Amino acid sequence: MAKMIHSMIRVLDEARSIEFYDKAFGLKVADRIAFETFTLVYLSNAETGFELELTINQGRIEPYAQGDAYGHLAVSVAELRDEHARMTQLGLNPGKIIELNRDGKLFALLFFVTDPDGYKIEVVQRLGRFK
């Protein structure tokens, strides 16, 4: 069986991205591997073995185009409203809280926050299928 281990995004400013993901999600640098033309930084936390891989291409000065195929990364949290307040207090500008209902029942409680490179991250309350 295949095991999902990481997702990769390209970022312009390594320090800025590391600071954002630490503040927003408590992700810390698990490994940093520099190559001649690019650097890979793996971020993780104790909640999961899944990692976010940041790729920094040396000499890149133009922001990356997100394109119309990219959707979002998603993280689950125990207390969504507390996380929204915390991110607001940190100046991370989370979007409004969205209550998504289906068949008269709460399906998801969520909000989105955008990282420094424009990547959307869905923050969803742990309930139902979103553990």
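- Per an unreviewed UniProt entry, the protein chain goes by the name Aldoketomutase and belongs to Rhizobium miluonense.

1. Describing the packing of aromatic side chains
At step 1: The tally for this structure, following the rule as stated, stands at 5 aromatic pairs.
At step 2: Ring geometry for Phe20 and Tyr21: centres 5.0 Å apart, planes at 90°, overall edge-to-face. Exposure class is identical for Phe20 and Tyr21. Each is buried.
At step 3: Residues Phe35 and Phe38 carry aromatic rings whose centres are separated by 4.6 Å and whose planes lie at 20° to one another, so their mutual orientation is stacked.
At step 4: We classify Phe35 as partly exposed; its relative accessible area is 42%.
At step 5: Taken together, the ring pairs in this structure connect Phe20, Tyr21 and Phe25 into an aromatic cluster.
At step 6: Directly above the aromatic system of Tyr64 lies the positively charged group of Arg60, at a separation of 3.9 Å from the ring centroid.

About the criteria used
Residues numbered from 1 in each chain as written. Predicted model: local features only at pLDDT ≥ 70, side-chain atom pairs only at ≥ 80, totals over all residues. Heavy atoms only, no water. Phe/Tyr/Trp six-rings, centres within 6.5 Å; stacked < 30°, edge-to-face > 60°. Buried < 20%, exposed > 50% of the residue type's maximum accessible area, 1.4 Å probe, protein only. Lys NZ or Arg CZ within 6 Å of the ring centre and 35° of its normal.

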